[in-house]
Amino acid sequence: MSPRPANGSGRRAQVLAAELQELAKAAQPKGAGTRELVDQLPHVDLNVLDLPDEMQRQLFDAFQL
């Protein structure tokens, strides 16, 4: 038979679970801010096939293509 947890450990688990839930909410990305950030990225006209083979390989590896 396993030992029963001390009386305060149940409360501690509840506090830790609540803190974990708050951290998980804070870690979720904000949808609107992400879209605005992507819109700020520079746009370039580029044909990947015009790049040297080594640069193509690096690009493909980076994006796991």
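Here, every reference points to the structure presented above.
Attention here is on the structure that accompanies the text. These numbers were taken from a predicted model, which means no experiment stands behind them.

Let us now look at the overall build of the protein chain. For the protein chain, the count of helices and strands is three helices and zero strands. Written out in order from the N terminus, the α and β elements of the protein chain read α-α-α. Buried positions account for 3% of the 65 residues belonging to the protein chain. Surface accessibility of the protein chain: about 6600 Å² in total, with carbon and sulfur atoms responsible for 58%.

Attention now goes to the pattern of salt bridges. With the rule as written, the count across this model stands at one salt bridge. Arg57 is the salt-bridge partner of Asp61, the closest N and O atoms lying 3.3 Å from each other. Taken together, the positions of Asp61 and Arg57, both in helix H3 (residues 53-62) and four residues apart, correspond to about one turn of that helix. In this structure Asp61 comes out as partly exposed when scored by relative accessible area, which is 49%. For Arg57, a relative accessible area of 42% puts it in the partly exposed group.

Reading guide: rules and limits
- Residues numbered from 1 in each chain as written.
- Predicted model: local features only at pLDDT ≥ 70, side-chain atom pairs only at ≥ 80, totals over all residues.
- Heavy atoms only, no water.
- Helix = DSSP H or I, 4+ residues; strand = E, 2+ residues; numbered from the N terminus.
- Buried < 20%, exposed > 50% of the residue type's maximum accessible area, 1.4 Å probe, protein only.
- Areas by Shrake-Rupley, 256 points an atom, 1.4 Å probe, with all protein chains shown as cover.
- Salt bridge = Lys/Arg side-chain N within 4 Å of Asp/Glu carboxyl O.

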